[in-house]
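Analysis of the macromolecular model
Single-letter residue listing:
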Amino acid sequence: MQPLANITPLKPAGAVEVRNVGQVFTTSTQDVVALDDVSLEVKPGRFVVLVGPSGCGKSTLLMMMAGLRQQTSGAVLINGAPIPKPDPNRVGVVFQEASLFPWLTAEENVEFPLALRGTPKAERRAKAQDALKLVGLDGFGKRHPHELSGGMKQRVSIARGLVQDPPVLLMDEPFAALDEQTRMTMGDELLRIWAATGKTVVFVTHSLTEAVYLADEVVVMSARPGRIVDRLTVSLPRPRTYDMLSGDVFGGLRDRIWRHIRKSA
Amino acid sequence: MSATTLRRLIVFSLIILWEGLPRTGLIPELFLPSLSSTLIAGWNEAGEYGHALAVTLYEVAVSMVFACGLGILAGAVVGSLPRPRVLIMPMVSSLYAVPLVILYPVFTVWLGIGSESKIAFASIYGFLPTMLSTAAGIQTIDPQLLLAARSMGATLSQRLVRVIIPAAIPTVLSGLRVGGALVIVGVVVSEMLISSAGIGYLISRYRTILDSPHVFAGVLLVLAMTVAFSAALRWIEQKASIWQTGMRGGLAENRSVRPAALQPTA
């Protein structure tokens, strides 16, 4: 089955490269170093999760990859090219729950980035239908966000992030506002969508379990100034299953991340 | 019994009481003339009331344009730019508590006792709440929505048209509801104070000669005006496809909250 028939040709997954990036916030009293010499390479098609204590700059780093924020020094490259401003053809972004437009239907929300570019109505609709089908929301297109559950809203956000078939998908704590059961289900759903589309995913979270469960690789950052303190390869086979959560491999990885975070918090 | 039927029943009973109580003599006709005598009084002086209504409607319409147009414009500017907000908002908010009607005599000195002074007074009276709620509406827009729009490549003007304006519509409309009602109050009150025309003037004049039926005929006209205004605003709300939770334009006929369909059906 071609998952995104109307979004063809599927662009190949993209590479993300972060080279010696620094970020300094200037306030009236002092300069705050948010990120200090951060380097990171994400190979095409990989699922990489950023974790770290609050204020470690992981979201800031993600915003740089999205072109929503510019670094003070260093370079952020998507497929080898810098990203001076947001470009939904190269990078899709999924935020926390609150980012759907409440006055638009699910369908119209997914079409939004296409409408900005003046894509014809019929083509827009077809692409939105495909994206909604991909995230398992076939038949929910006419609902407004307030008529959808938290998990369904996040599916719409993912569909919106994918509708322009970007090579890279960035996710900023997308499941943070969901209850734990929904969160587990959405994790599995995301892995299914990722497997179907083969995108490169960079995912920010506070949850260590979520990080290990989803990732090919977990990148651990320290508190301010944000630095990368460890990179763990998660060797667990795919598809990931619930049983793995209680295994030794999983526990060992999660403990290792926790020790880093406790040290720097 | 549904809420609508109950509401109609209440209105109907009030009308019956209005007719019945004065007729049975429980309430003297001087305090409350019966509905029929009020209507007859209005009908007999239809020309006079028609002319007064035209004057009042004209004043209300012009004031509405000033109050709401300038109110929304000023509110949008003040709400979206931090510097004017810090500068102006505290002043406007405290000004809001001043009973502006004390200024009306000054307006008559500047602008005379014709329509101009009423329009000026009612415009300022309705301007403040419209501006305040528009500014609040713009300020309370979720920054996440703007960030999301930006991440999808929305330009500044696209963010204004596709995010800021639709997000602000509910608050702006509720501001118009308050502002518009105050415009009507402003016009009628200023007509009652110092004037030579309009419904407020008629009410005031008939009151001085203790002609209750004619006073109440004027009151009925003002009532009709506010009901019409309210209906017009509801119509605008539906046209603007208002998106408040649990309610949506076109479906807003039943104004009670619709249970959100959370269960997947497909």
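Below is a short write-up of the structure. As the structure is a prediction and not an experimental result, all values here were calculated from the model. (Residues numbered from 1 in each chain as written. Chains lettered and ligands numbered in written order. Predicted model: local features only at pLDDT ≥ 70, side-chain atom pairs only at ≥ 80, totals over all residues.)

On a plain count of helices and strands, chain A comes out with 7 helices and 10 strands. Radius of gyration (C-alpha) of chain A: 18 Å, near the 18 Å computed for a compact globule of 265 residues. In terms of overall dimensions, chain A has a C-alpha envelope of 50 × 45 × 35 Å along the principal axes. Across the 265 residues in chain A, those meeting the buried criterion constitute 46%. Long-range contacts, defined as pairs at least 24 residues apart, comprise 71% of the intrachain contacts of chain A with a sequence gap of at least 6. (Helix = DSSP H or I, 4+ residues; strand = E, 2+ residues; numbered from the N terminus. Rg over C-alpha atoms; globule rule 2.2 N^0.38 Å. Buried ≥ 20, exposed ≤ 12 C-beta atoms within 10 Å, placed from the backbone. Contact = placed C-beta atoms within 7 Å.)

Residue and element names in this part refer to chain A. Across the interface, helix H2 (residues 106-116) lies against helix H4 (residues 150-162) with an axial gap of 8 Å and an inter-helix angle of 30°. Here H2 lies roughly parallel to H4, going by the angle between them. Read as a crossing pair, H2 and H4 show a hand that is right-handed. Contacts between H2 and H4 pair Ala 106, Asn 109, Val 110, Phe 112 and Pro 113 from the former with Val 156, Ala 159 and Arg 160 from the latter. Tallied by class, residues from the contact of H2 with H4 come to 6 nonpolar, 1 polar and 1 charged. (Axes fitted to C-alpha atoms, helices over the stretch in contact; angles between N-to-C directions. Parallel < 35°, antiparallel > 145°, perpendicular 65-115°, else oblique. Left-handed = near helix turned anticlockwise from the far one by under 90°. Nonpolar A, V, L, I, M, F, W, Y, C, P; charged D, E, K, R; others polar.)

Backbone hydrogen bonds are what pair the strands of a sheet, in a parallel or an antiparallel way. If you trace the 4 strands from one edge of the open sheet to the other, you get S2-S1-S4-S5 (chain A), paired in antiparallel fashion. The open sheet has two edge strands, strand S2 (31-42) and strand S5 (81-82) of chain A, and neither has a second partner. (Pairing = 2+ DSSP bridges.)

Bringing the sheet that holds strand S8 (residues 200-204) of chain A into the picture now. All names here are of chain A. The 6 strands are arranged S6-S7-S8-S3-S9-S10 in an open sheet whose pairing can be described as mixed. The open sheet is flanked by strand S6 (91-94) and strand S10 (228-233), the only strands paired with a single partner. Averaged over all pairs of adjacent strands, the angle between their axes in this sheet comes to 15°, without regard to strand direction. The pairing of strand S7 (residues 168-172) with S8 spans 5 bridges and is parallel. Looking at the pairing, Val 168 lines up with Thr 200 of S8. Against the sheet, helix H1 (residues 58-65) makes contact with strand S3 (47-51), S6, S7, S8 and strand S9 (217-221), and its axis sits at roughly 150° relative to S8, the strand it touches most. Where helix H7 (residues 248-264) meets the sheet, its contacts fall on S3, S9 and S10, and the angle it forms with S10 comes to roughly 175°.

Next up on the list: the packing of helix H8 (residues 156-193) of chain B against helix H9 (residues 199-208) of chain B. All names here are of chain B. Closest axis-to-axis distance for the H8/H9 pair is 7 Å, and the angle between their directions is 40°. Taken as axis vectors, H8 and H9 run oblique relative to one another. The interaxial crossing formed by H8 with H9 has right-handed handedness. Contacts between H8 and H9 involve Val 188, Val 189, Glu 191 and Met 192 from the first element and Ile 199, Gly 200, Tyr 201, Ile 203 and Ser 204 from the second. Broken down by class, the residue content of the contact of H8 with H9 amounts to 6 nonpolar, 2 polar and 1 charged.

Attention now goes to the nonpolar core. Counting residues in hydrophobic clusters, the biggest one holds 129 residues, and the most contacted among them are Met 65, Ala 159, Leu 170, Val 202 and Val 218 of chain A. When sequence neighbours within four positions are dropped, the list of residues in contact with Met 65 of chain A reads Val 16, Val 76, Ile 78, Val 91, Leu 170 and Val 202 of chain A. (Core = buried A, V, L, I, M, F, W, Y, C linked by C-beta atoms within 7 Å.)

Quick look at the environment of Gly 118 of chain A now. Residue and element names in this part refer to chain A. Among the structural elements, Gly 118 can be located in the loop between H2 and helix H3 (121-134). Under the C-beta neighbour-count criterion, Gly 118 is labelled exposed, with 7 such atoms within 10 Å. Placed 80 residues apart in sequence, Gly 118 and Gly 198 show a C-alpha to C-alpha distance of 27 Å.

We now examine the pairing of strand S1 (residues 16-26) of chain A. When a strand is regular, its side chains alternate between the sheet's two faces. Residues and elements named next belong to chain A. Bridge count for S1 against S2 is 8 bridges, and the pairing is antiparallel. Following the sheet pairing, Phe 25 is matched in S2 by Val 32. What sits between the antiparallel neighbours S1 and S2 is a turn of 4 residues. Where S1 and strand S4 (residues 73-78) come together, 5 bridges link them in antiparallel fashion. The residue bridging Glu 17 from the neighbouring strand is Leu 77, located in S4.

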